[in-house]
Amino acid sequence: MAAKADKKRPRAAATHASEGPKSKKPHLGGKNEQKTKKRGRPVTLPVPVGSSGSEDEDGNIGESGIEEDQWTDEEGDPGDGDHLDGEDAAMGQENADETLADGAETAISLRPKDPNAARESHKAQKILQEQRRAAKPHSDLLTDSKRVWALARQKNIPPAERQKHIHALMDVLRGRVKDVVLKHDASRIVQTAVKWGRQKERDEIAVELKGKYKELAQNKYSKFLVTKLIRLCPTHRASILLEFQSHVLRMLLHREASSVLADAFELYANAYERTILLRDFYGKETALFSVTSGSSEDKERAKRGLKGVLDGVDSERRRRVLASLKENLVTIFNNSDKGAVTHAIVHRALWEYMSVIDTIPEEPERDKLRREMFESCQEVLAEMVHTKDGSRVVREFLAQGTAKDRKQILKALKPHIERMCLDDEAQLVLFTALDVIDDTKLVAKSLISEITACASKLYLIPQGRRALFYLIVPRTRRHFTPAQIVSLAETDAARARTSKKAPELRAAEVCTFASEALVTWVEKTGGEVLREPGGSLVIAEIMLFADGAKDGAIQTLLQAIAISYPSADTSAPHPIDLPHVSRLYKNLLQGGHFDRSAQTVERATGWEAGSFANSFAQQVGRDNVLGMCTMGARGGVFVVAELCAALCLISGGVENENRRKEVKMWFTPDVVALIENSDVKGKAVLLEGIARL
């Protein structure tokens, strides 16, 4: 048996050697290579688990789901395993039945085919396949380019050697790119030349393909090449996009070309180049008669979009342009299954339409046009919220709409609230809904409960934390940038006309509805959440500004630091030694956040710092309090200093006075001397607090 095994090993090794080493995927994220930008992902799509389908990079999985390294031609190779022909199998089964019927044998052993016969069969099939390849057009070109392409696409080769192979590849392709670029294999070869070549080679390919970009964009293989040229050839970008003119709407509804336009508009085009694609939305009249000489004055006018087109035109032409834009948008919305409704170019055209109708002086006409557009797109609003313009459109519908309209919008958004909380633009729609809807009971049921239910997922990332903050402290500069606050304030004027409830009252009701669930969440998970920097920020805002009783949450937070200090496990430090945790307890003890501009503490009206200090001293205990400022990392020096200050501010009550005296007795002369002789940061503040006890 050992001898047989030894004989089999060389054969297996030879077979593996004949196949050759499996080529690796090309490295796409080198240090000198810019990170590829990606479009915003609609909140209606499921969360991606793994990469599938087509990608525009050379080593990724293609349309067929086959990796590029596993190179296959259109004619697949036959399987290597031995198999029985259908007729042979039927005959074998018939003979077996006859044998069993006669009872001559009790077991049947099928004899394997002759290995030499199988080898000859494979050889004949390979010859036939080579003949089929040779009969295809441009077979010699494909063979030569594949040979050079295999060298140029290697991962770990010096840049000089790669450029040598790219030059050789260009010598093979030069003048014949148009002939082969629509084929799935040759398209990837040209993509490699564009990706790794210098600007000269890229421009050369871009010029050679001039006049065919529309056809290329509609091909499921060459569409990736068009996207690469738009990204990497900025001098040819405008000319490429001009070839799409008068075809943009049809291409948006095309399965393959839609993604090319979406990438070009959202990721790579500048303000003027975007107007080239938008012009088709304004109707044939605008496309035919708008000035496209390319002068700087014309470009500046074009950058204004629809407002620039309508500048100085008569009312009748203005009406025709708006009617054409509306008709084209409705066509997109009625074909939502094509996917174009999720693209930023459609959202920009819709927002331009909404902006222009707001300037119509006649209020009935303005409301009529807005109502008609809302009814056309109300079913697909959730597919728009992930882009800046789409989010702005939905927020405008919320601000300008009736109570019934707002209820319909919430119904469309409810299945996607968690995903919206994690998106920078989509979450602004949720914040606007909280700002403008008067029926806070409906908001609590449809929106607030959905946000608080997934708090354990939201607090981990900045976008999710903002969704939680807006329930308690909306538009605070601590957590929202000035740009975000300005963007949210854009709907305030419309809210003043359409909403009856005062903004302060509405915000207070939202906070009340959210407080119970958030405080309960802190009570259940606060011990683990506070160890995360983002989690400590969320807990601080909930404890300081949420409504209702917080006794259970306070007990949870104090139990988290009542463990022995310092920690015996160096890999798991005591919570108070974490800077963000000590800052949390410091804020709770001082009763609010410190305002650097005013150099004072902004005290929260719904939080009793003195009561918390009393509970802190009682539960954490003498040993831990003294250890925080005299032992280990001494991460609790500022916390203990605030504890002393908070106990001094407690007024009235025998229990409070006794607690202050008890803590004062903890700091004996020996402890004070130990603190004075240390070089710990915050020593002076701590000694001052002890002296005030």
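One can find the structure itself at the top, above this paragraph.
Residues numbered from 1 in each chain as written. Predicted model: local features only at pLDDT ≥ 70, side-chain atom pairs only at ≥ 80, totals over all residues. Heavy atoms only, no water.

> Can you walk me through the nonpolar core in this structure?
A general trend in soluble globular proteins is that nonpolar side chains are found buried together. In this structure, Phe 244, Phe 281, Leu 329, Phe 333, Tyr 585, Phe 616 and Phe 667 are the most contacted members of the largest nonpolar core, which totals 184 residues. Excluding residues within four positions of it along the chain, Tyr 585 makes contact with Leu 530, Leu 557, Leu 558, Ala 560, Ile 561, Ile 576, Phe 612, Phe 616 and Val 639. (Core = buried A, V, L, I, M, F, W, Y, C linked by side-chain atoms within 4.5 Å. Buried < 20%, exposed > 50% of the residue type's maximum accessible area, 1.4 Å probe, protein only. Contact = heavy atoms within 4.5 Å.)

> Can you walk me through the packing of helix H33 (residues 579-590) against helix H34 (residues 609-630) in this structure?
Two packed helices can be described by the angle between their axes and the distance between those axes. Orientation of H33 relative to H34, taken along the N-to-C sense of each, is 125°, at an axis distance of 7 Å. Regarding the angle of H33 to H34, the classification is oblique. Side by side, H33 and H34 meet where Tyr 585, Leu 588, Leu 589 and Gln 590 of the first sit next to Ala 609, Phe 612, Ala 613 and Phe 616 of the second. Broken down by class, the residue content of the contact of H33 with H34 amounts to seven nonpolar, one polar and no charged. (Axes fitted to C-alpha atoms, helices over the stretch in contact; angles between N-to-C directions. Helix = DSSP H or I, 4+ residues; strand = E, 2+ residues; numbered from the N terminus. Parallel < 35°, antiparallel > 145°, perpendicular 65-115°, else oblique. Nonpolar A, V, L, I, M, F, W, Y, C, P; charged D, E, K, R; others polar.)

> When you look at helix H18 (residues 315-334) in this model, what are you seeing that I'm missing?
Each α-helix winds once per 3.6 residues, and so residues spaced three or four apart point in a common direction. With 20 residues, H18 extends 28 Å from end C-alpha to end C-alpha; this agrees with the ideal 28 Å at 1.5 Å per step. Residues Val 321, Leu 322, Leu 325, Asn 328, Leu 329, Ile 332 and Phe 333 constitute the buried set of H18. Seen from one end, H18 has its buried residues packed into an arc of 145°, which puts them on one side. The exposed set on the far side of H18, more than 90 degrees from its buried face, consists of Glu 327 and Asn 334. Contact partners of the buried residues in H18: helix H12 (248-252), helix H15 (284-289), helix H17 (306-310), helix H19 (344-357) and helix H20 (363-377). A distance of 3.1 Å separates the backbone nitrogen of Glu 316 from a side-chain oxygen at the start of H18, and that oxygen is part of Asp 314. (Expected span 1.5 Å × (residues − 1). Arc of directions from axis to C-beta. Polar contact = N/O pair within 3.5 Å; in protein donor to acceptor, adjacent residues only side chain to side chain.)

> Honestly, the packing of helix H31 (residues 533-545) against H33 in this entry has me stumped. Any pointers?
In contact at an axis separation of 9 Å, H31 and H33 are set at 10° when each is read in the N-to-C sense. Classed by the angle they form, the pair H31 and H33 counts as roughly parallel. Where H31 abuts H33, its residues Pro 533, Ser 536, Ile 539, Ala 540, Met 543 and Leu 544 lie against His 580, Leu 584, Asn 587 and Leu 588. Split by residue class, the contact of H31 with H33 holds seven nonpolar, three polar and no charged.

> Just checking my understanding: could you explain the packing of aromatic side chains for this structure?
Each aromatic ring pair is summarised here by two numbers: the centre-to-centre distance and the angle between the ring planes. Enumeration over the complete set of coordinates arrives at eight aromatic pairs. Aromatic rings pair up to connect Tyr 585, Trp 607, Phe 612 and Phe 616 into one cluster. Lying across the ring of Trp 196, Arg 162 places its NZ or CZ 4.0 Å from the centre. The ring of Phe 265 carries Arg 274 above its face, with NZ or CZ at 5.7 Å from the centroid. (Phe/Tyr/Trp six-rings, centres within 6.5 Å; stacked < 30°, edge-to-face > 60°. Lys NZ or Arg CZ within 6 Å of the ring centre and 35° of its normal.)

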